[in-house]
Amino acid sequence: MNRIFATLLFVAVATLANGQETIELAEPPAKQSVKPGINDRFLDPNLDVQEWIDRFEVESREVYGAREEIMQSLNLKAGDRIADVGAGTGFFTLQMSAAVGATGWAYAIDISPKFIEHLVQLFDQRSISNVTTVICDDDSICLPPNSVDVAFICDVYHHFEFPDDTMKSLHRALDDGGRVIVIDFERIPGVSREWTLGHVRAGKQTFIDEIQAAGFELVAERQISGFKENYYL
């Protein structure tokens, strides 16, 4: 649930004019996470960011090894506004900032307060002035309507606890003709690693169906050199 509005959950009480009767309206049923607890380690106030830099920014990780080809495939141009949803340690956001130039903008979005703290310091140290860091909710990317042209979700969609709400918030944030790129893990029983089968809740077609149900249309699947465990939509 959106933390900003959490205090607005209500049990409304209406009293009739004679003061003799009340009507109680029950709270709406709580939404159910599709993967409870998957983000707990990223919400940990003691999270060690350097540990995740060492895990994320290593050539053996497919998306890091293919980062240049992935960036080329985004086809960003000067003036574009892009959301890096689940920016993590920020290595893609840095490249996005350079690609969209001084007339463009990048949003580094993450649910982890420690990653956000790291990202703020990272961009300040490099004197980057066309990036905004955004701490998001578990059901929203927390961007205003029509604020971005492109959204990038890399090895992050499977971390969405409320994918329908999150993707609908992204749909609102995209300007007309906006694009979404989703990179995630192939989950194929008998083929994928045990880690993937245990960590990633569903396969590619399920994710495609969910995203399309939120108002998007699948345009294409792109082949990326070096991808064995990941796919690019």
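So, a few notes on the structure that sits alongside this text. (Residues numbered from 1 in each chain as written. Predicted model: local features only at pLDDT ≥ 70, side-chain atom pairs only at ≥ 80, totals over all residues. Heavy atoms only, no water.)

1. Re the overall build of the protein chain
For step 1, the next point in the chain: Each helix and strand counted, the protein chain has nine helices and eight strands in total.
For step 2, the next point in the chain: In the protein chain, buried positions account for 46% of the 233 residues. (Helix = DSSP H or I, 4+ residues; strand = E, 2+ residues; numbered from the N terminus. Buried < 20%, exposed > 50% of the residue type's maximum accessible area, 1.4 Å probe, protein only.)

2. A word on helix α6 (residues 113–125)
For step 1, the next point in the chain: Taking 1.5 Å per residue as the helical rise, α6 with its 13 residues ought to reach 18 Å, and the 18 Å between its terminal C-alpha atoms agrees with that figure.
For step 2, the next point in the chain: Restricting attention to buried positions, one finds in α6 the residues F115, I116, H118, L119, L122 and F123. Relative to the axis of α6, the buried residues are bounded by an arc of 160 degrees and lie together on one face. Seen from the buried face of α6, the exposed residues on the opposite side, beyond 90 degrees, are D124 and Q125.
For step 3, the next point in the chain: Against α1 (40–43), α2 (49–56), α5 (91–100), β4 (105–110) and β5 (131–135) lie the buried residues of α6.
For step 4, the next point in the chain: Just downstream of α6, S127 is the residue with a positive phi angle, here 50 degrees. (Expected span 1.5 Å × (residues − 1). Arc of directions from axis to C-beta. Contact = heavy atoms within 4.5 Å.)

3. So, the packing of aromatic side chains
Aromatic ring pairs are reported here in terms of the distance separating the ring centres and the angle at which the planes meet.
For step 1, the next point in the chain: In total, this model carries 10 aromatic pairs according to the counting rule given.
For step 2, the next point in the chain: An angle of 50 degrees between the planes, with centres 5.3 Å apart, marks the rings of W52 and F56 as tilted. Residue W52 and its partner F56 are both found in helix α2; the two are separated by four residues, about one turn of the helix. A single burial state applies to W52 and to F56, both of which are buried.
For step 3, the next point in the chain: With 5.3 Å between their ring centres and 75 degrees between their planes, F185 and W195 make a pair best called edge-to-face. Placement of the pair is F185 in strand β7 (residues 174–185) and W195 in helix α8 (residues 194–199), with a sequence separation of 10 residues.
For step 4, the next point in the chain: Given a relative accessible area of 10%, F185 falls into the buried group. (Phe/Tyr/Trp six-rings, centres within 6.5 Å; stacked < 30°, edge-to-face > 60°.)

4. As for the nonpolar core
For soluble globular proteins, nonpolar side chains are generally found buried alongside one another.
For step 1, the next point in the chain: With 36 residues, the main nonpolar core has I70, L74, I82, F152 and I183 as its most contacted residues.
For step 2, the next point in the chain: Taken together, the elements giving at least two residues each to this core come down to α2, α3 (62–65), α4 (67–74), α5, β4, α6, β6 (148–154) and β7.
For step 3, the next point in the chain: Discounting residues that sit within four places of it in the chain, I183 has contacts with V63, I70, F152, I153, C154, D155, V156, F227, N230, Y231 and Y232.
For step 4, the next point in the chain: Of all hydrophobic cores here, the second largest spans 30 residues; its members include V85, I141, L143 and V148. (Core = buried A, V, L, I, M, F, W, Y, C linked by side-chain atoms within 4.5 Å.)

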